[in-house]
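Each chain, letter by letter, is given below.
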Amino acid sequence: MSVSQIAGVRLSGIACAVPEYRQTLLEDVKEFPKEEIKKIIKNTGVRHRHVAPDDMCVSDLCYVAAEKLIEAAVINKSEIDALIFISQGPDYIVPGTGCILQHRLDLKDDCIAFDVNLGCSAYPYGIWMAANCIHSGSAKKVLLLVGDLSNRKVSKLDRSTALLFGDAATATLIEAGSTDEEMTFCMGTDGAGYKNLIIPAGSFRNPCTEETKIPREMEGGNIRCDEDLYMNGAEIFTFTIKRVKPMIDRLLEKSGTEKENIDYFVLHQANTFIIHHLTKKLKVSPDKVPNSMENFGNTSSASIPMTMMANLSEQLKTERLRLVMAGFGVGYSWSAVELVADHLIMPDLVLV
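What counts as what
- Residues numbered from 1 in each chain as written.
- Predicted model: local features only at pLDDT ≥ 70, side-chain atom pairs only at ≥ 80, totals over all residues.
- Heavy atoms only, no water.
- Pairing = 2+ DSSP bridges.
- Helix = DSSP H or I, 4+ residues; strand = E, 2+ residues; numbered from the N terminus.
- Core = buried A, V, L, I, M, F, W, Y, C linked by side-chain atoms within 4.5 Å.
- Buried < 20%, exposed > 50% of the residue type's maximum accessible area, 1.4 Å probe, protein only.
- Contact = heavy atoms within 4.5 Å.
- Salt bridge = Lys/Arg side-chain N within 4 Å of Asp/Glu carboxyl O.
- Arc of directions from axis to C-beta.
- Phe/Tyr/Trp six-rings, centres within 6.5 Å; stacked < 30°, edge-to-face > 60°.
- Lys NZ or Arg CZ within 6 Å of the ring centre and 35° of its normal.
- Polar contact = N/O pair within 3.5 Å; in protein donor to acceptor, adjacent residues only side chain to side chain.
- Axes fitted to C-alpha atoms, helices over the stretch in contact; angles between N-to-C directions.
- Parallel < 35°, antiparallel > 145°, perpendicular 65-115°, else oblique.
- Left-handed = near helix turned anticlockwise from the far one by under 90°.
- Nonpolar A, V, L, I, M, F, W, Y, C, P; charged D, E, K, R; others polar.
- 1 Å grid on protein atoms, 1.4 Å probe; cavity = no way out; pocket = protein on both sides within 12 Å on 5 of 7 lines; lining within 4 Å.
- Points joined across faces, edges and corners; volume = space filled by probe spheres on them.

Asker: Is there a simple way to think about the sheet that holds strand β17 (residues 350-351) in this case?
Answerer: Sheet strands pair by backbone hydrogen bonding; their relative direction is either parallel or antiparallel. Strands sit in the order β6-β5-β7-β8-β2-β17 across an open sheet of 6 strands; the sheet is mixed. Only two strands of the sheet have a single partner each, and these edge strands are β6 (112-116) and β17. As judged from the 8 bridges shared by strand β2 (residues 9-18) and strand β8 (residues 168-176), these two strands associate in the antiparallel manner. When the sheet's bridge partners are listed, valine 9 is paired in β8 with alanine 176.

Asker: What am I meant to see in the nonpolar core here?
Answerer: Across soluble globular proteins, you tend to see nonpolar side chains buried next to one another. With 47 residues, the main nonpolar core has Leu11, Ile86, Tyr123, Ile127, Met308, Leu316 and Met325 as its most contacted residues. Other than its neighbours up to four places away in sequence, tyrosine 123 contacts Leu11, Ile14, Leu144, Val146, Thr172, Ser301, Ile304, Pro305 and Met325.

Asker: Just checking my understanding: could you explain the pattern of salt bridges for this structure?
Answerer: For side chains of opposite charge, pairing can occur when their charged atoms come near one another. All told, the structure shown has 21 salt bridges when counted by the stated rule. In this structure, the salt-bridge partner of glutamate 67 is lysine 77, at a minimum N-O distance of 3.0 Å. One end of the pair, glutamate 67, is in helix α3 (residues 58-73); the other, lysine 77, is in the loop between α3 and β5 (82-86), and 10 residues separate them in sequence. Glutamate 67 sits in the partly exposed class, given a relative accessible area of 24%. Members of the salt-bridge network, linked through shared partners, are Glu181, Arg320, Arg322, Glu338 and Asp342.

Asker: Any chance you could explain helix α4 (residues 97-104) here in plain terms?
Answerer: An α-helical turn contains 3.6 residues, so a residue and the one three or four places further along point in the same direction. By the burial criterion, the buried members of α4 are Thr97, Gly98, Leu101 and Gln102. Within α4, the buried residues cover an arc of 145° as seen down the axis, which keeps them to one side. One or two steps after α4, the chain reaches aspartate 106, where phi turns positive at roughly 60°.

Asker: How do you make sense of the packing of aromatic side chains when you look at a structure like this?
Answerer: Two descriptors summarise a pair of aromatic rings, namely the distance from one centre to the other and the angle between the planes of the rings. Scanning the model with the defined rule gives 4 aromatic pairs in all. With a centroid separation of 5.8 Å and an interplanar angle of 55°, the aromatic rings of phenylalanine 239 and tryptophan 334 are classed as tilted. Of this pair, phenylalanine 239 sits in helix α6 (residues 233-255) while tryptophan 334 sits in strand β16 (residues 333-342), placing them 95 residues apart in sequence. Each member of the pair, phenylalanine 239 as well as tryptophan 334, is classed as buried. One aromatic cluster is present, built from ring pairs that chain together Phe239, Tyr332 and Trp334. For the cation-ring pair, arginine 104 lies above tyrosine 63, with the distance from its terminal atom to the ring centre recorded as 4.5 Å.

Asker: Would you mind showing me how to read the side chain of histidine 48 here?
Answerer: On the secondary structure map, histidine 48 appears in strand β4 (residues 48-50). Side-chain polar atoms of histidine 48 contact the side chain of asparagine 295, separated by 3.3 Å. In this view, histidine 48 contacts Arg22, Gln23, Thr24, Leu25, Met293, Glu294, Asn295, Phe296 and Gly297; residues no more than four positions away in its chain are not counted.

Asker: When you look at helix α2 (residues 34-44) in this model, what are you seeing that I'm missing?
Answerer: The complete set of buried residues in α2 reads Ile37, Ile40, Ile41 and Thr44. Angular distribution of buried residues about the axis of α2 spans 105°; they occupy a single face of the element. Along α2, the residues that are exposed and aim more than 90 degrees away from the buried face are Glu35, Lys39 and Lys42. Looking at the packing, one finds that the buried side of α2 touches α1 (25-28), α7 (272-282) and α8 (293-296). Of the residues trailing α2, glycine 45 is marked for its positive phi of about 85°.

Asker: Explain the packing of α3 against α4 to me, please; I cannot follow it from the model alone.
Answerer: Describing two packed helices takes the angle between their axes plus the distance from one axis to the other. Where α3 meets α4, the closest approach of the two axes is 11 Å, and the angle between their N-to-C directions is 40°. In terms of their interaxial angle, α3 and α4 are classed as oblique. Considering the relative orientation of α3 and α4, their crossing is right-handed. Seen from α3, the contacting residues are Ser59, Asp60, Cys62 and Tyr63; seen from α4, they are Thr97, Leu101 and Arg104. Here the residues of the contact of α3 with α4 sort into 3 nonpolar, 2 polar and 2 charged.

Asker: Any chance you could explain the pairing of strand β14 (residues 264-267) here in plain terms?
Answerer: Moving residue by residue along a regular strand, the side chains alternate between the two faces of the sheet. Residues of β14 alternate between two faces, with Tyr264 and Val266 on one and Phe265 and Leu267 on the opposite face, all of them buried. In the sheet, β14 pairs with strand β15 (residues 320-329) via 4 bridges, with the strands oriented parallel. When the bridges of β15 are listed, tyrosine 264 appears paired with leucine 323.

Asker: What should I look at first to understand unusual backbone geometry in this one?
Answerer: For the bond running from valine 94 to proline 95, omega is 5°, close enough to zero to count as cis. Mapped onto the secondary structure, proline 95 falls in the loop between β5 and α4. Here glycine 331 and tyrosine 332 are connected by a cis peptide whose omega angle stands at -15°. If you trace the backbone, tyrosine 332 turns up in the loop between β15 and β16. The phi torsion at aspartate 106 lies on the positive side, around 60°, for a residue other than glycine. Tracing the sequence through the fold places aspartate 106 in the loop between α4 and β6. In this structure aspartate 106 comes out as exposed when scored by relative accessible area, which is 60%.

Asker: Looking at this structure, how should I read the layout of surface pockets?
Answerer: To find the voids left in a structure, one rolls a probe of water-molecule size over its atoms. Space inside the second largest pocket adds up to approximately 390 Å³. Considered class by class, the residues forming the lining of the second largest pocket number 8 nonpolar, 3 polar and 8 charged.

Here it is, written out as structure tokens:
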């Protein structure tokens, strides 16, 4: 695993946006028997999630979150030197959505703007990229926009995915700061597992055809087409248990921080079963591992900042906290960062 440290960079603010429509599993989902839904709720922890309408893109949520954060931070848009957009739901194949958002947000023409295709590991990776932009001297303030509309590519008849995901986007301001604190990063990749969390058809390797649109009965009686998201839950669980604890152990070894001195471990919200299992593996108190699954579901790339907003907002605004953030999943890809969050700007959740 790759480990590194970067000084002179700080996290200064986070804003989150979700679609206004809030779906309640027991009331709104009609495709599965009620008893089966109750079992899924127990395993995943999801009771409600926000679902985007058909005419909404993740960039629309990112735009609103970014405007809210810029307003709350009381900064001039001309101060933003770079925009990083991380999502697996771009507006178009070409051009990059980061360029479109640079224009929509009316940022300066010499602002760096680019896209990155990452899912569950996106947030620590994004902080790492932003920190490197600042450390290299290319930027002083970076706007990191991260989010996904996972429900857009899920079959409503696939019980392994239909009731799991929520739609959300986040904006994070990262800027030059004191050299007294370092951010520590640990990251890795194992592309051998790419087929275990995948949308098989719809791009250049396997373009859309009439056949790829036809729903078929798959394993376990799940029904989906090749343009829907496929997830092998057992393999994803095995990967998570194999990679996440060693990653966090390596991260803390590099930083020299004792586990007891971490205020919170903010994990990707894969599902409640995995979060509880990792908490036991890490041998930390459940009170130190916040969970936002009940009200937001698995929000993919946005799940770490969404969990910070949902569970730690007041503390983050008023205290100095040492955090470990860890993302893991699609790719396979995994990443973690240890940093100090000191009196962050945290505006209220925006409903769009």
